[in-house]
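Summary of structural features
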Amino acid sequence: MHSFSFRANALLTFSLTILALMCAMASLTDNFNSPSPTATVQILNVNRFQKKASGDDEVGISLDISADLQSLFTWNTKQVFVFLAAEYSTPKNSLNQVSLWDGIIPAKEDAKFSIKTKNKYRFIDQGSNLRGRDFNLTLHWHVMPKTGKMFADKLVLPGFRLPESYR
């Protein structure tokens, strides 16, 4: 006959194998979810637009951010990290990204929101490249699952322009 430790080992191995299989199947079900988030962002005001003593441009803006990210949530979603970035090109760099605002959405109930805020992080360009510059505001999100791999995507909101002169 088999000893107690042999039977306990067999039972534990079988249980962990079933648990791993269930986790793998659970994370695969997220591939069938096709999210369709929506967002709008408006620039309410350019509060400050100045050239710093170092020669860099700095912009302070007031934003109205509305988003419905509820479709990103499934039974397997732990939380969603979301951030808004200004993206523009300069002669020196083909893509510049500056994070303006971010947040963590812990539950589906919090995923539909509308906030009026100032940029949380400084919008600074290394150089004098922002006057009259066209830029996009891009809402990025990272979905953090309970099990499985993280997934990230973004929504580009084009058509923004900075003033021609400093304020």
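Before reading on, note that the structure itself is shown above.
In short, a report on the structure. (Residues numbered from 1 in each chain as written. Predicted model: local features only at pLDDT ≥ 70, side-chain atom pairs only at ≥ 80, totals over all residues. Heavy atoms only, no water.)

According to the stated counting rule, one finds six aromatic pairs in the structure shown. Both rings, one in Phe-123 and one in Phe-135, keep their centres 6.1 Å apart while their planes meet at 75°; by these two values the pair is edge-to-face. Highlighted residues: Phe-123 in strand E6 (residues 123–125) and Phe-135 in strand E7 (residues 134–145), separated in sequence by 12 residues. For the pair Phe-123 and Phe-135, one class covers both residues: buried. Among the aromatic side chains, those forming a connected cluster through ring pairs are Tyr-88, Phe-123, Phe-135 and Phe-160. (Phe/Tyr/Trp six-rings, centres within 6.5 Å; stacked < 30°, edge-to-face > 60°. Helix = DSSP H or I, 4+ residues; strand = E, 2+ residues; numbered from the N terminus. Buried < 20%, exposed > 50% of the residue type's maximum accessible area, 1.4 Å probe, protein only.)

For the rest of this paragraph, the subject is the sheet that holds strand E3 (residues 77–88). With antiparallel pairing, the four strands of this open sheet are ordered in space as E4-E3-E7-E8. The open sheet has two edge strands with one neighbour each: strand E4 (96–105) and strand E8 (151–161). Adjacent strand axes in the sheet meet at a mean angle of 20°, parallel and antiparallel pairs treated alike. (Pairing = 2+ DSSP bridges. Axes fitted to C-alpha atoms, helices over the stretch in contact; angles between N-to-C directions.)

Here we come to the nonpolar core. Counting 33 residues, the largest nonpolar core has Val-59, Leu-69, Leu-84, Ile-105, Phe-123 and Leu-137 as its most contacted members. Leu-84 has contacts with Val-41, Leu-63, Ile-65, Val-98, Ser-99, Leu-100, Trp-101, Leu-137, Thr-138 and Leu-139, leaving out every residue within four places of it along the chain. (Core = buried A, V, L, I, M, F, W, Y, C linked by side-chain atoms within 4.5 Å. Contact = heavy atoms within 4.5 Å.)

A few words now on the pairing of E8. Bridge count for E7 against E8 is nine bridges, and the pairing is antiparallel. Along E8, the bridge assignment pairs Thr-138 with Val-156. What sits between E7 and E8 in their antiparallel hairpin is a turn of five residues, with Gly-148 showing a positive phi close to 105°.

What follows is about the environment of Ser-15. Here Ser-15 lies in helix H1 (residues 4–29). Given the relative accessible area of 37%, Ser-15 is considered partly exposed. Spatially, the C-alpha atom of Ser-15 lies 52 Å from that of Pro-158, the residues being 143 residues apart in sequence. Among the polar contacts made by the side chain of Ser-15, one reaches the main-chain carbonyl oxygen of Leu-11 at a distance of 2.8 Å. (Polar contact = N/O pair within 3.5 Å; in protein donor to acceptor, adjacent residues only side chain to side chain.)

The next subject is the side chain of Asn-76. Counting through the fold element by element, Asn-76 comes out in the loop between strand E2 (57–68) and E3. From its side chain, Asn-76 meets the backbone oxygen of Thr-147 in a polar contact 2.9 Å long. When residues no more than four places from it in sequence are discounted, the contact partners of Asn-76 are Ala-26, Ser-27, Asp-30, Pro-145, Lys-146 and Thr-147.

Purely geometric numbers; function is a separate question.
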